[in-house]
Amino acid sequence: MREAMYWEPLEGNRVRCRLCPLNCIIDEGRRGSCRVRKNIGGKLYTLNYGKVSSIAADPVEKKPLFHFYPGSCAFSIGTVGCNMHCLHCQNWEISQADETFPYLEEATPEAIVRLAKHYECESLAYTYNEPTVWYEFVLETSKLAKGEGLKNILVTNGYINEEPFRELAPYIDAMNIDIKAFRDEFYRKISKVPSLEPSKRTAVIAKKEFGIHVELTYLIIPTLNDSEEEIRAFARWVVEELGGDTPVHFSRFFPYYRL
Ligand code: SF4
């Protein structure tokens, strides 16, 4: 456990987390919506720093990234927690868990980079759960990895505030960003966050300002986000705001979790 980045103290020992657009106001002894940032004595702490739930040397295509060092190995790690609570989450066992999850292993950024090199991976991927809520560990590890000649990949919902994203972006080479639907109503009802705008903004900043290789994933859920109108609006945004060379993965829905 260590003090979190991006928070501010408020009156009455409360704190405001400024890491993601939920900007949770957290009473003493309570956690933010992601479950892994806690107000202890009027300070915000990250509870999942260096705690790894999942680890694998994956093909980069599994992230999915189809146009970033094809055929290479992405050393993939994840922890617990997420700032969204999608009813159809495919990794809900870890995304909706906290630091009491029984299968967490301790790791340091140095150990992760050493393992990635041992398995001859070209990149490190922060994936399986939302890397935003692992921010401090991802930032430190990606800096170290970059210095060792590895690439860094974020597999993310893009739901992060601009300031922390701009601090992390110089170390990130590629991202797969989930666009879960193209209507705020879906984000409110299914993903439990107010809107899609922050994810769109992250994608545009990543690609246009930082030159990060961006691919998008849109999981088609019959009747919930698959109308022709919605898919057309999504496609139009991709072409107009990110460019027609942006790879998009339309993936298939499988029933999971609460859907
Ligand atoms: S990172 Fe967690 S605690 Fe911080 S604003 Fe987002 S959901 Fe809330």
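Residues numbered from 1 in each chain as written. Predicted model: local features only at pLDDT ≥ 70, side-chain atom pairs only at ≥ 80, totals over all residues. Heavy atoms only, no water.

For the rest of this paragraph, the subject is the nonpolar core. Judged by nonpolar contacts, the single largest core of 64 residues is most densely connected at Phe165, Ile179, Leu216 and Trp237. If one sorts the elements of this core by residue count, helix α3 (residues 135-147) sits on top with five residues. Looking at which domains feed residues into this core, each of domain 1 (2-46) and domain 2 (51-252) gives three or more. For Phe165, the contacting residues outside a window of four places in its chain are Leu154, Ile160, Met175, Thr202, Ile205, Ala206 and Ile212. (Core = buried A, V, L, I, M, F, W, Y, C linked by side-chain atoms within 4.5 Å. Buried < 20%, exposed > 50% of the residue type's maximum accessible area, 1.4 Å probe, protein only. Helix = DSSP H or I, 4+ residues; strand = E, 2+ residues; numbered from the N terminus. Domains from an automatic or database assignment. Contact = heavy atoms within 4.5 Å.)

Our focus in this paragraph is the pairing of strand β13 (residues 174-178). Taken across its five residues, β13 has four buried, putting it largely inside the fold. As a crossover connection, the stretch from strand β12 (residues 151-156) through helix α4 (residues 162-168) into β13 is right-handed. Relative to strand β14 (residues 213-220), β13 is paired through five bridges, and the arrangement is parallel. Looking at the pairing, Ile177 lines up with Leu216 of β14. (Right-handed = clockwise from strand over helix to strand, strands pointing away. Pairing = 2+ DSSP bridges.)

If you check the domain split of the chain, you get domain 1 (2-46) and domain 2 (51-252). Of the residues lining the interface, 17 residues belong to domain 1; the matching set on domain 2 comes to 25 residues. Overall, the association of domain 1 and domain 2 removes approximately 1,700 Å² of surface from exposure, summing both partners, and the carbon and sulfur fraction of that is 54%. Where domain 1 meets domain 2, there are five salt bridges. Linking domain 1 with domain 2 are twelve residue pairs in polar contact (both at pLDDT 80 or more), by the criterion used here. Here the side of domain 1 that touches domain 2 is composed, by residue class, of nine nonpolar, three polar and five charged. (Buried area = accessible area lost by both parts, 1.4 Å probe. Salt bridge = Lys/Arg side-chain N within 4 Å of Asp/Glu carboxyl O. Polar contact = N/O pair within 3.5 Å; in protein donor to acceptor, adjacent residues only side chain to side chain. Nonpolar A, V, L, I, M, F, W, Y, C, P; charged D, E, K, R; others polar.)

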